[in-house]
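The lines below spell out each chain.
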Amino acid sequence: MINWFKNLGKKNQDEKAEEYIDDSLVEKDQLPISEEEINQDILNDEAFEQLEDIIEQEEQTDEAIEELIEEIILEEEPEEEILKQPGFFQKLKVGLTKTRDDISNKIDGVLNSYKKIDEELFEDLEEVLITADVGVNTTMELIDRLRERIKYEKTKDPTEVRELLKDEIRKLMKESVSENQLNIEPSPAVILVVGVNGVGKTTTIGKLSYNFKNKGKKVIIAAGDTFRAAAIEQLKEWSDRSGADFIAHIEGADPAAVVFDAIQAAKARKSDVLICDTAGRLHNKSNLMNELNKIFRIIEREYGEATKEVILVLDATTGQNAINQAKVFKEVANITGVALTKLDGTAKGGVVIALQAELQLPIKLIGVGEGIEDLQSFNSDDFVEAIFN
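A few points on the structure. Bear in mind that the values here come from a model prediction, so they are computed numbers and not experimental data.

**Considering the overall build of the protein chain**
Here is step 1: Secondary structure assignment for the protein chain yields 15 helices and eight strands.
Here is step 2: When each of the 389 residues of the protein chain is scored for burial, the buried share is 47%.
Here is step 3: Of the roughly 20,400 Å² of accessible surface on the protein chain, 49% is carried by carbon and sulfur atoms.

This is the structure we're talking about:
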C-alpha cells in the first residue's frame, strides 16, 4: 500500500510538472518572444522553487501515510497476539480434557442409560468415580450426599442427577479446606518445596519464580536438593530462564546450610520471595523427617518474620500413588498446600477431589501444560466447571 501511495505521488509530481510546462508553452504561442526566452523563462529560479515545493509536499504526504500505516499495524499486532493466547480457564479446560472424558462423559453415559433413579444407578456412578481416582472414601461420601440430596429434592429424572453431583463435588471440595490461594503476603515470604524425585519439583519452582517475577517480585531460589545428580544445574537453568537470583553449594553439601545462606542473601537483597528446593530421595521416613525438621528450625530461627508456605509437589498421572505420598509427607511436615503437576497428561484428575476432601490438603497450584506460563493458581469452581462442561 505504501508503494502504491508513493507511485501515486510520483505520478502527481510528473503531471504537475507537465502542466506547468504546457502552460508555459501556451504562453509561448501567444507572446511575441523568442524560443530562447521561453526556455529561459521556464527554467528560471521561480519555476524550480515551485517544482521543489510540489515535490516536498508530496514527500511529506508519503511520510505521513507511512507513519499512519505503521501506527495501524502496531495497534493491530497486540490484539492479534491476545487472540492467540488462550485464557486461564480455557487452558484449564483444554488441560483437563482427558479427565473430563473419563468422568463427565462416563457419567452422562450412565445417566442416559437409565429411565429411573435406583440403586444400580448409584453403583454405576460409584464405579465411574473410583476408576477416575477420586478414591473409595471420597466416592462413598459423594454418593451418600447425592442420595440424600435426591431424596430431599424428590428428583425423579436421571438426567437431573448430573447437576446435583456436580454441585456436591464443588461443595465437598470447598468445605474441606479454608482457602486455595498461595499465601506470600506480607512480604518477605519463604516457600519450602517438598516431594519425591520425578514429580516436577524443579519445573514447578522455575515456573513459580517466573510468575512472581512477572508480578514485579524479587525472587531468590535456593538449591536445597544437594543429593540428586544434576539437580543444581537444572535448577540454575530454570533460575536463569525466570530471572531469579540463585543460591547453591556444591553437590553433596548440607541442604540446611544452603537454606541458611539463602536466607541471609534474601535479607541483604530485600527479596520478596525465597523459594527453597529440598531433597526428594531419602532412604526412609525417619531420614526425611530429620532433614526437613533441620531446615524448618533454620527458617524459624533465621527468618521468623517471614510468611511461610510448605508446598508438596505431586504428579497427577500417578493417581492414588499421589495420595499415598501426600499421606507420608503430611505425617512428617506441616504441608500448607499442594502443587499438582501434569494434569494435562492424565485422565486421573479425580485425585484433585480426593486430596482436598479426604486429606484436607488445599490444592494451590496446578500444571496444565509444558510452557513456562502453564502453572496456574487453583480454583475449585473453575476445576469443577472444566471437568463437567
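**As for unusual backbone geometry**
Excluding glycine, residues mostly have negative phi values, and the peptide bonds linking residues are mostly trans.
Here is step 1: With omega at 0°, the peptide bond leading from E185 into P186 counts as cis.
Here is step 2: Structurally, P186 is set in the loop between helix 8 (161–176) and strand 1 (189–194).
Here is step 3: Looking along the chain, the bond that leaves S187 and enters P188 is cis, with omega of 5°.
Here is step 4: Locating P188 in the fold gives a position in the loop between helix 8 and strand 1.
Here is step 5: Phi angles above zero are rare outside glycine, and K154 is one such case at about 55°.
Here is step 6: The topology assignment puts K154 in the loop between helix 7 (136–153) and helix 8.
Here is step 7: Its identity as a non-glycine residue notwithstanding, K342 has a phi of 60°, on the positive side.
Here is step 8: Structurally, K342 is set in the loop between strand 6 (337–341) and helix 14 (351–357).

**So, the packing of aromatic side chains**
Here is step 1: Per the stated rule, a full pass over the model turns up one aromatic pair.
Here is step 2: Centre to centre, the rings of F378 and F383 are 5.6 Å apart; their planes meet at 50°, and the pair counts as tilted.
Here is step 3: With relative accessibility at 5%, the residue F378 sits in the buried group.
Here is step 4: Sitting above the plane of the F122 ring, R147 keeps its charged end 4.7 Å from the centroid.
Here is step 5: Sitting over the ring of W238, R241 keeps its end group 4.3 Å from the ring centre.

**Considering the sheet that holds strand 8 (residues 375–377)**
Here is step 1: The strand order across the open sheet formed by eight strands is 3-2-4-1-5-6-7-8, and the pairing between neighbours is mixed. On the outer flanks of this sheet lie strand 3 (245–247) and strand 8, each paired with one strand and no other. Taking each pair of neighbouring strands and ignoring which way they run, the sheet shows an average axis angle of 25°.
Here is step 2: Bridge count for strand 7 (residues 363–367) against strand 8 is three bridges, and the pairing is antiparallel. Looking across to strand 8, one finds that G367 is bridged to L375.
Here is step 3: Its contacts with the sheet place helix 9 (residues 201–214) against strand 1, strand 2 (219–222), strand 4 (273–277), strand 5 (307–315), strand 6, strand 7 and strand 8, and it is angled at close to 175° to strand 4.
Here is step 4: Together, strand 1 and strand 5 form the strand contacts of helix 13 (residues 320–332), whose direction differs from that of strand 5 by roughly 150°.

**A closer look at the pattern of salt bridges**
Here is step 1: Within this structure, the stated rule accounts for 28 salt bridges.
Here is step 2: Notably, a salt bridge pairs E385 with K166, separated by 3.1 Å at the nearest N-O pair. Of this pair, E385 sits in helix 15 (residues 380–388) while K166 sits in helix 8, and the two are 219 residues apart along the sequence.
Here is step 3: Residue classification places E385 among the partly exposed residues on the basis of a relative accessible area of 26%.
Here is step 4: Of the charged contacts, one joins E385 and R170 as a salt bridge, the two residues approaching to 3.0 Å between their closest N and O atoms. Placement of the pair is E385 in helix 15 and R170 in helix 8, with a sequence separation of 215 residues.
Here is step 5: R170 sits in the buried class, given a relative accessible area of 17%.

Procedures and definitions
- Residues numbered from 1 in each chain as written.
- Predicted model: local features only at pLDDT ≥ 70, side-chain atom pairs only at ≥ 80, totals over all residues.
- Heavy atoms only, no water.
- Helix = DSSP H or I, 4+ residues; strand = E, 2+ residues; numbered from the N terminus.
- Buried < 20%, exposed > 50% of the residue type's maximum accessible area, 1.4 Å probe, protein only.
- Areas by Shrake-Rupley, 256 points an atom, 1.4 Å probe, with all protein chains shown as cover.
- Phe/Tyr/Trp six-rings, centres within 6.5 Å; stacked < 30°, edge-to-face > 60°.
- Lys NZ or Arg CZ within 6 Å of the ring centre and 35° of its normal.
- Pairing = 2+ DSSP bridges.
- Axes fitted to C-alpha atoms, helices over the stretch in contact; angles between N-to-C directions.
- Contact = heavy atoms within 4.5 Å.
- Salt bridge = Lys/Arg side-chain N within 4 Å of Asp/Glu carboxyl O.

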